[in-house]
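Residues per chain, in single letters:
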Amino acid sequence: MQIPPLDLAQFEIIKGSSSTLYGGGAIAGLVNMQSKRPQREAELDLMLVGTQASGATVNTFYSKRNDRWGTTLFASGNLQKAYDPDDNGFSNLPETKTITVNPRLFYYPSNRTTFWLGLNGTFDDRLGGSIEAIDNDANTYKEHNISRRLSSQASFRTSFSDRSSLEVKNSINHFDRDLHTRNYQFTGTQINSFTEASYTLSTNRTDWVFGTNLYTSSFDEQDTQSPRDQNDTTIGAFINNVHDLNEHFILETGFRTDYAVDWGVFALPRVSLLYKSDGAFTSRLGGGLGYKIPDIFTEDAERVNFQNVLGIDKNQLEAETSYGVNLDFDYKFSLGGRTTLSINQLFYLTAIENGLTLNSTDNGFLEYRNAPDLTMSRGAETNVKIKFGDFKWFLNYAFIDTQLNYLDGNPQIPLTARHSAGNIVMYETPEWRLGFESYYWGKQLLFNGTESEDFITLGFLAMRNFEWGGLYINFENFTDRRQDRFSPVVEGTLTNPQFNELYAPNDGFIFSAGIIWKPFGNEMEHHDD
């Protein structure tokens, strides 16, 4: 429910280096979620969900367009009571109150031009820790995390012809966070802005994208003794070209240059070659460079609630730089009748230089330093899809070899399974959607040097579609795999607990049931892919 399902038009997974178009951090790919645009037929959706873990969510989405104007509105509310399935006295799910509102207004001055403006507001209040402290305000350990986010989005796009267009977009994000424990408080405000202008031009065999962007980030911590404030500004320009060499080969090249104030200039080339056979076989080889500016908001710092973590020292640190290479093969063919088979095999390598590490100092603080050697991630991923009539079978296997070359023995990065696999069977018709899923997670290295247990989770979904909407039930992790079945999540006392790292599900089995009501607009969709 963190991703609004009713306002999601398309979900893209872009594999391989994409830093030229999307910025330095997209060295290994990115996930792109696109919101719905208003259609001339009005649409109204209402989704209600409840769980046996005392959680309830309501989502609603409305959209409508006429000749000149259009609008969409997404709103969501979530309530969750503290949930302790392992009865250890601590919440596996915190007490949560979340409200999200996202209105957008569209203007169409002509058939070639679209302008839209949106606002997004999210308020999230989470209270976790000991059940006694949550329910009765007892003097035991608790964590109170309040976040408030307000962001704006604006986009202007106009087409000069069928082959050329200009797009300008901007986003400003204001984020407040208050984190309280019994003896520590972290409070700060972050303001980010992003502005980009791009021009696209197409010819018979070539597509061009030219662009420039400005990114700013300002973090202000409300701590008069040792604030960890940080301000960064990045200016960039990029060019990307897709050229059909012949009927079998497509070459994509790109180049981005970013200037990050206080960090330097970063040149990010990218190249990708796609081969297409006369049949159903394709293959792509690509690679590029990337980078990331250091800040304190890492998983290592989050794990200790930023307590005793020193701020970023721009005089001592360098930005992370990276390179990535990927090769994939894709084959799709018919097995006869209504049966098809597709196989995708991916190989990849990503290396990070000057990786940001959090280290203990002699006086008890935690300090960021650049790693003296590479962080290497290499592996392979296999995806198989078989479709037989109304049945679909998805198989996935991933091998991930991630090594910290700067430590003795080049150990695996903690909390990363070398082996994982998935299996999903779907039956889908216009009336019914049934799905069974199983996932395997291999052993993971823990921070204390030991290995975790491997485990399997199972799930089942059933949905019945009607003209007015649909009803569904979902059995998530119905074998109730929880980390406390393998090793303790919390040690110590209710007053002074010690939390271990999480490598397996913490909430266990969750049963949910929901209803989707569509009083008017699109009928329930039947997805073919």
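For every chain, the first residue of the written sequence is number 1, and numbering continues from 1 along that sequence. The predicted nature of this model means local features are confined to residues of pLDDT at least 70 and side-chain atom pairs, given and counted, to a pLDDT of 80 or more, with totals for whole chains, interfaces and linings taken over all residues. Here the side-chain values reflect all heavy atoms present in the structure, with hydrogen atoms and water set aside.

Caption draft 1: Expanded view of the overall build of the chain. Elements are defined by DSSP. Helices are runs of H or I of four residues or more, strands are runs of E of two residues or more, and each kind is numbered from the N terminus. In terms of helices and strands, the chain carries three helices and 28 strands. Its C-alpha atoms give the chain a radius of gyration of 25 Å, near enough to 24 Å, the size a compact globule of 529 residues would have. Between buried and exposed lies partly exposed: a residue is buried under 20% and exposed over 50% of the maximum accessible area for its type, with that area taken using a 1.4 Å probe on protein chains only. Looking at the chain residue by residue over its 529 residues, the buried ones come to 40%. Summed over its atoms, the accessible surface of the chain is roughly 27,800 Å², and 56% of this surface lies on carbon and sulfur atoms. The positive count covers Lys and Arg only, the negative count covers Asp and Glu only, and His and the chain ends enter neither. By convention, the point assigned to a charge is CZ for Arg, NZ for Lys, CD for Glu and CG for Asp. Here the chain contributes 44 positively and 67 negatively charged side chains, and the mean placements of these two sets differ by 7 Å. C-alpha atoms define the radius of gyration in this analysis, and the globule rule sets the expected value at 2.2 Å times the number of residues to the power 0.38. Throughout, the Shrake-Rupley method with a 1.4 Å probe supplies accessible areas, and for residues the shown protein chains are the sole cover considered.

Caption draft 2: Representation of the side chain of Thr140 within the structure. Tracing the sequence through the fold places Thr140 in the loop between helix 2 (131-136) and strand 8 (142-159). According to the relative accessible area criterion, Thr140 is buried, its value standing at 10%. Excluding anything up to four places from it in sequence, Thr140 contacts Ser130, Glu132, Ala133, Arg182, Leu494 and Thr495. Whether two residues are in contact is decided by their heavy atoms, any of which lying within 4.5 Å being enough.

Caption draft 3: Region of the structure containing the environment of Ile235. Tracing the backbone shows Ile235 in strand 12 (residues 230-244). Residue Ile235 is classed as partly exposed on the basis of its relative accessible area of 45%. For Ile235 and Thr216, which are 19 residues apart along the polypeptide, the C-alpha to C-alpha distance reads 8.8 Å. Residues in contact with Ile235, not counting those within four places in the same chain, are Asn213, Leu214, Thr257, Asp258 and Tyr259.

Caption draft 4: Region of the structure containing the pairing of strand 8. Pairing between strands requires that DSSP locate at least two bridges from one strand to the other. Two strands pair when backbone bridges link them, and strand 7 (residues 113-129) and strand 8 are joined in this way by 17 bridges, in the antiparallel orientation. The residue bridging Phe115 from the neighbouring strand is Phe156, located in strand 8. Here 16 bridges tie strand 8 to strand 9 (residues 164-180), and the two strands are oriented antiparallel to one another. By the bridge assignment, Ser147 is partnered in strand 9 with Arg177.

Caption draft 5: How the structure looks around the nonpolar core. Here the nonpolar core consists of buried residues drawn from Ala, Val, Leu, Ile, Met, Phe, Trp, Tyr and Cys, with membership extended through side-chain atoms lying within 4.5 Å. Phe186, Trp263, Phe266, Ile296 and Tyr368 are the most contacted members of the largest nonpolar core, which totals 21 residues. Where this core is concerned, the elements lending two or more residues are strand 14 (264-276), strand 18 (356-360) and strand 19 (366-370).

Caption draft 6: Expanded view of the pattern of salt bridges. The salt bridge criterion pairs a side-chain nitrogen of Lys or Arg with a carboxyl oxygen of Asp or Glu, the two atoms within 4 Å. Counting across every chain of the model gives 29 salt bridges. When the shortest N-O distance is used, the salt bridge between Arg177 and Glu302 registers 2.6 Å. Pair noted here: Arg177 is in strand 9 and Glu302 is in helix 3 (residues 299-303), with a separation of 125 residues, a long-range link. Its relative accessible area of 33% is what places Glu302 among the partly exposed residues.

Caption draft 7: Structural view of a nonpolar patch on the surface. Together, Leu48, Val58, Phe466, Trp468, Leu471, Ile515 and Trp517 give the surface a local cluster of nonpolar side chains, amounting to about 570 Å² of exposed area. Along the polypeptide, Trp468 turns up in the loop between strand 24 (455-466) and strand 25 (469-476). Each patch is built from salt-bridge-free residues with over 30% relative accessible area, joining like charges within 9 Å and nonpolar side chains (Val, Leu, Ile, Met, Phe, Trp, Tyr) within 5 Å.

Caption draft 8: Examining the pairing of strand 13 (residues 249-260) more closely. What you see with strand 13 is a clean split: Ile250, Glu252, Gly254, Arg256, Asp258 and Ala260 sit on the buried side and Phe249, Leu251, Thr253, Phe255, Thr257 and Tyr259 on the side with no burial. As paired elements, strand 12 and strand 13 share 11 bridges and run antiparallel to each other. Residue pairing across strands places Asp244 opposite Ile250, the latter belonging to strand 13. Linking strand 12 back to strand 13 in an antiparallel pair, the connection comprises four residues. Bridging between strand 13 and strand 14 involves 12 bridges; their strand directions are antiparallel. Bridge pairing in strand 14 links Arg256 to Leu268.

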